[in-house]
Amino acid sequence: MRYKRISIAASLGLATVLLTSTAALAAPPSTAPGATRVIPPSVVQSVSGSGSAPSVVLGAGAPTVRPGDFVAVGVGSATPTGLLVRVKATRGVGGGRSELTTAPARLTDAVPEGQVDVSASLTTADVQANASRPAKSLSQAIRKNVSCSSGASATISGSIDIEPSFRFTAAWKLGRGTTAASFTGTVKQTAELSASIEGAAQCNLASTPLLAQPVRFNPITVNVGPVPVVLVPQLQLYLDARGDVKAALTTGARQEITASAGIQYTKGAGTRPTSNLRSGFTYTPPTVTATAHAEAGVSPQFSLLVYGLAGPQLDLRGYVRFDADISTSPWWTLSAGFSAGAQLVVPAFDLAIGDPSIINYNKVLARASTPPPATEPPVDLDSDDDGYPASTDCNDTAAGIHPGAQEVVNDGIDQDCDGADLIVGEGDIRVTLQWTSAPQENVDMDLHVTDPNGFTVYYGNRTSPEGGSLDRDDDVCGSSVNGQSVENAYWASGAPRGAYTVEVDEYGICSGGDPATWTLEVYVGGILIEQRSSVGEADPSANTFTFTY
């Protein structure tokens, strides 16, 4: 290991009796259910299975291990992150070898009393490497295409340089468990982010790893007595972005930050966050001509794995944000910020605490100093080509719906854009007459319906003894209802059986208008049984007919 700076301290409480790594241990205190065996890495042949139930194969010459014992192993070829487990069962597998069925263990059970204090500053020289995978740099170029609507394209580009360091402490006592612990992560970070969106679009990139695999650093081993405690620092980078722009946008910022965030825990007193922040920013003036909202962030996640499992973690996010609204003043603002949280989730020490919002910092980098660009007046489209633009048409996707359109009665659709459907009475029988004329409302049409008993429902006799009713009588020379020309006779229920006679009468043309074009429909029990159309009284056979109920 070639750590730039590393400091390790550990001590073992007198309550625990541990022997050398190759000898059996003396009987542990009564509070420990089994002995703690320190196994040399060289006798561990394999470790397989999940982290919650690893299977360990020991070679010939390994110390005797019994169910209930704790097994601790340092860093080796089969245990690259060390190992601390409790044995659940053992069995021989031939050649003097034994297989252990195990479960993860807590260090506070394996070593009932002790403390650790380790800190390190990490560089590229500390990154794990082997023949098939060279050491990774702590500098990462950023270039990511972002998914956008409307076929537009967006790109997030830039770079990030990171120098992480940390300090982790823990102390525990017999019968009390962990009494104090702390984790502080520090990152010196230089990040540049630029966002470019070509054209009006909505874009989104969920938090995405920038590295195919996290960067792992060389293990750090601190011994509590003979028991090795193995810590593996790890770093991953995430990128996220979102945008909603009405025209092309380009902007960016450079961020230089040294940030520390941490958690301190004391049994009986709870937790306390710690933080420190030094920052500096520069920016690229934005290029924008319309309303826009965009943000891009890069998030380093630095964690300290304990025996390769969960451990302390530092979560960071630096971002650049741009907001433009041509209706406000100043009409655009460019800002950048930084957030940090820390977690002390360490199963080996029975800890699960954290604070995701230890640092929340935002700085306005620049604001518009000039008026917004002039905008062209909006184009009032007529998408359905019905002669009525979208500003006046209540449905610009249907040509049959526009102001002044003829209503279809009782269909639940507002064809003429007056805010409501045209509703008429109906039931056993409905007879509806509708017409149009030029100029509008210049012809008075009348509907006459005579029932089998000789009673006629019309404008001069709106009801009959058998329940007939004329509920609409429109266009008495310009007195139509809501611009619709409708007459409607109906029998809601109890209509007499037999033959009904229907007559359409062009009562009068007012002020020199043209004859009306009309349509007549007859419904029996809600079913259309007759439909006729004509112009004025040009076809007497269409104007009078009978139907049977």
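No experiment lies behind these values; they were computed from the predicted model shown.

Moving on to the packing of aromatic side chains. Per the stated rule, a full pass over the model turns up 9 aromatic pairs. With centroids separated by 5.8 Å and ring planes inclined at 75°, the aromatic side chains of Tyr 459 and Tyr 507 adopt a geometry described as edge-to-face. Note that Tyr 459 is positioned in the loop between strand S24 (456–457) and strand S25 (468–473) and Tyr 507 in strand S27 (residues 499–509), a separation of 48 residues in sequence. The exposure class assigned to Tyr 459 is partly exposed, which follows from its relative accessible area of 37%.

Attention shifts here to the pattern of salt bridges. A complete count under the given rule lists 15 salt bridges for this structure. For Glu 295, the salt bridge identified is with Arg 242, shortest N-O distance 3.0 Å. Here Glu 295 is found in strand S18 (residues 292–306), whereas its partner Arg 242 is found in strand S15 (residues 227–245), with 53 residues between them in sequence. One salt bridge in this structure joins Asp 244 and Lys 246, with 3.9 Å as the shortest N-O distance.

Read across the open sheet, the 4 strands follow the order S24-S23-S27-S30; overall the sheet is antiparallel. Of all the strands in the sheet, the pair left with one neighbour each is S24 and strand S30 (544–548). Pairing geometry for strand S23 (residues 443–450) and S27, over 8 bridges, is antiparallel. Of the residues in S27, the one forming a bridge with Val 443 is Ile 509.

Tracing the chain through its elements places Thr 36 in strand S2 (residues 36–39). For Thr 36, the side chain forms a polar contact with the main-chain oxygen of Ala 110, separated by 2.6 Å.

So, on to the confidence of the model for the protein. Here the protein averages 85 in pLDDT, and 88% of its residues register 70 or above. Under a pLDDT of 50 for its full length, residues 1–5 has, in the predicted model, 17 contacts with residues more than four places off or in other chains. In this model, residues 12–33 is a region of pLDDT below 50 whose contacts with residues beyond four sequence positions or in other chains number 44 contacts.

Right, let's get into the nonpolar core. With 92 residues, the main nonpolar core has Leu 107, Phe 166, Phe 168 and Phe 349 as its most contacted residues. Broken down by element, this core gets its largest block of residues, 10 residues, from S15. Listed in part, the 25 residues of the second largest apolar core include Ile 429, Val 449, Ala 495 and Val 522.

The element strand S20 (residues 332–346) is largely enclosed, with a buried count of 11 among its 15 residues. In terms of strand pairing, S20 meets strand S21 (residues 351–367) through 13 bridges, oriented antiparallel. Looking at S21, one finds that Ala 336 is bridged to Lys 363. Adjacent in sequence and paired antiparallel, S20 and S21 are bridged by 4 residues, among which Asp 350 carries a positive phi angle near 55°.

For the rest of this paragraph, the subject is the environment of Thr 544. Within the element layout of this structure, Thr 544 appears in strand S30. On the basis of relative accessible area, Thr 544 is assigned to the partly exposed category, the value being 39%. If we ignore the near neighbours within four places in the chain, the residues touching Thr 544 are Thr 501, Val 502, Glu 503 and Arg 532.

Parameters and conventions
Residues numbered from 1 in each chain as written. Predicted model: local features only at pLDDT ≥ 70, side-chain atom pairs only at ≥ 80, totals over all residues. Heavy atoms only, no water. Phe/Tyr/Trp six-rings, centres within 6.5 Å; stacked < 30°, edge-to-face > 60°. Helix = DSSP H or I, 4+ residues; strand = E, 2+ residues; numbered from the N terminus. Buried < 20%, exposed > 50% of the residue type's maximum accessible area, 1.4 Å probe, protein only. Salt bridge = Lys/Arg side-chain N within 4 Å of Asp/Glu carboxyl O. Pairing = 2+ DSSP bridges. Polar contact = N/O pair within 3.5 Å; in protein donor to acceptor, adjacent residues only side chain to side chain. pLDDT = per-residue confidence, 0-100. Contact = heavy atoms within 4.5 Å. Core = buried A, V, L, I, M, F, W, Y, C linked by side-chain atoms within 4.5 Å.

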